[in-house]
Amino acid sequence: MGTAVITGAGRGIGSAIAQRLAEDGFDIVINDINSDTSIKSAGEIAGKCRAFGVKAECFFADVSKYSECEKMVSDIKNSFGSIDVLVNNAGITRDGLMVRMSEENYDLVIAINQKSVFNMMKLVGAVMMKQKSGRIINISSVVGLYGNKGQVNYSASKAAIVGMTKSAAKELGSRGITVNAVAPGFIRSDMTDSLSSEQKKLMLDSVAMKRYGDACEIAGAVSFLAGKDSSYITGQVIEISGGLVM
Ligand code: NAP
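Let me sum up the structure you'll find in this document. As the structure is a computational prediction, the values presented were derived from the model and not from experiment.

**Section: the packing of helix H4 (residues 103-131) against helix H6 (residues 152-172)**
Logical step 1: Running from amino to carboxyl end, H4 crosses H6 at an angle of 15°, the nearest separation of the two axes being 8 Å. Comparing the axis directions of H4 and H6 gives the class roughly parallel. The element H4 and its partner H6 pack so that their crossing is right-handed. Between H4 and H6, the residues in contact are Asn105, Tyr106, Val109, Ile110, Asn113, Gln114, Val117, Phe118, Met121 and Met129 and Val152, Asn153, Tyr154, Ala156, Ser157, Lys158, Ala160, Ile161, Met164, Ala168 and Leu172, respectively.
Logical step 2: Looking at the contact of H4 with H6, its residues break down into 15 nonpolar, five polar and one charged.

So, in structure tokens, the structure goes:
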């Protein structure tokens, strides 16, 4: 099946994607930032991936830093040979109303959510061009498509990912590489678990299916985009939001 690299895969949606792609038979590269907590959790996820009989290793790098990505991609190539699937999943939020948002929190979210996608698509795209095959899947958000109060920085980064996905799809298509995005809605996570019941009700009122999504429902779409049945789909955004907007 080849090798799949998933950024920010130590927990949350990224860890669900890593496990699903391992189940599909891909060897797995779990990237996460080099923090005490993520070293432990990424190691555990690698163990769960190996239980599917594939190779799985952790590579720690801050994907917002080009030089760290450059070293990581070179190390992955040396260890795994090919890179067949890239999932740009790492992301953060630093919410606040625009007039109160610090420049630092704007720049940080753009660097981690958006610049990282440039870093990894540029470096892994070059590897895939030589291979003349590959799948790139970028994790955007419904907030990038429709906006959200308190998330000017986050929506800017996630809307940019949509444009970058379409541009890269046009650049890489002739080399047999597809580039698509997934835009999740409200997915059950540490963040949504900590909301008050009133906040939860308000969010779910606008969702047709009246429930949060599960990380495995995002992983299922990524599995499809990484697999053989999506070979003629490129430059597309798949919204997975339980019918938030139609
Ligand atoms: P999460 O639980 O916060 O996980 C994010 C992962 O990214 C963590 O493992 C984190 O490491 C890692 N990370 C953060 N900065 C990094 C960096 N600079 N380099 C490498 N790794 C880094 O987030 P999630 O909810 O699973 O979200 C995953 C993706 O889906 C994000 O892009 C998010 O924007 C998007 N999304 C999520 C939702 C949702 O409802 N959850 C909805 C729409 C879109 P640490 O553990 O060390 O912090």
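**Examining the sheet that holds strand E2 (residues 27-32)**
Logical step 1: In space, the seven strands of this open sheet follow the order E3-E2-E1-E4-E5-E6-E7, with parallel pairing throughout. Pairing within the sheet leaves two strands with one partner each, and these edge strands are strand E3 (56-60) and strand E7 (237-240). Ignoring which end each strand starts from, the neighbouring axes of this sheet average 20° apart.
Logical step 2: Looking at chain direction, strand E1 (residues 3-6) and E2 are connected through four bridges and run parallel. Residue pairing in the sheet places threonine 3 in a bridge with aspartate 27 of E2.
Logical step 3: The strands touched by helix H9 (residues 215-226) within the sheet are strand E4 (85-88), strand E5 (134-139), strand E6 (177-184) and E7, with E5 carrying the most contacts at an inclination of about 155°.

**A look at the packing of aromatic side chains**
Logical step 1: Summed over all chains, the structure comprises one aromatic pair.
Logical step 2: Over the ring of phenylalanine 80 we find lysine 55; its NZ or CZ atom is 4.3 Å from the centre of that ring.

**So, H4**
Logical step 1: An ideal rise of 1.5 Å per residue puts 42 Å on 29 residues; H4 measures up with 40 Å between its terminal C-alpha atoms.
Logical step 2: Remark: the principal bend of H4, roughly 35°, maps to alanine 111.
Logical step 3: Looking at the residues trailing H4, positive phi occurs at lysine 132, about 60°.

**Focus on the site of the ligand**
Logical step 1: As a matter of local geometry, the ligand sits amid 27 residues, with Arg11, Ile13, Asp32, Asn89 and Tyr154 nearest to it.
Logical step 2: Contact distances for the ligand include 2.7 Å between an oxygen atom and a backbone N or O atom of isoleucine 13.
Logical step 3: Aspartate 62 places a side-chain nitrogen or oxygen 2.8 Å from a nitrogen atom of the ligand.
Logical step 4: Sorting the residues of the shell around the ligand by element identifies helix H1 (12-23), E2 and H6 as the ones contributing at least two each.
Logical step 5: When the residues that make up the shell around the ligand are grouped by side-chain class, the tally is eleven nonpolar, twelve polar and four charged.

Reading the values: rules and limits
Residues numbered from 1 in each chain as written. Predicted model: local features only at pLDDT ≥ 70, side-chain atom pairs only at ≥ 80, totals over all residues. Heavy atoms only, no water. Axes fitted to C-alpha atoms, helices over the stretch in contact; angles between N-to-C directions. Helix = DSSP H or I, 4+ residues; strand = E, 2+ residues; numbered from the N terminus. Parallel < 35°, antiparallel > 145°, perpendicular 65-115°, else oblique. Left-handed = near helix turned anticlockwise from the far one by under 90°. Contact = heavy atoms within 4.5 Å. Nonpolar A, V, L, I, M, F, W, Y, C, P; charged D, E, K, R; others polar. Pairing = 2+ DSSP bridges. Phe/Tyr/Trp six-rings, centres within 6.5 Å; stacked < 30°, edge-to-face > 60°. Lys NZ or Arg CZ within 6 Å of the ring centre and 35° of its normal. Expected span 1.5 Å × (residues − 1). Bend = angle between axes of the 7 residues up to and from the residue. Near = heavy atom within 4 Å. Polar contact = N/O pair within 3.5 Å; in protein donor to acceptor, adjacent residues only side chain to side chain.

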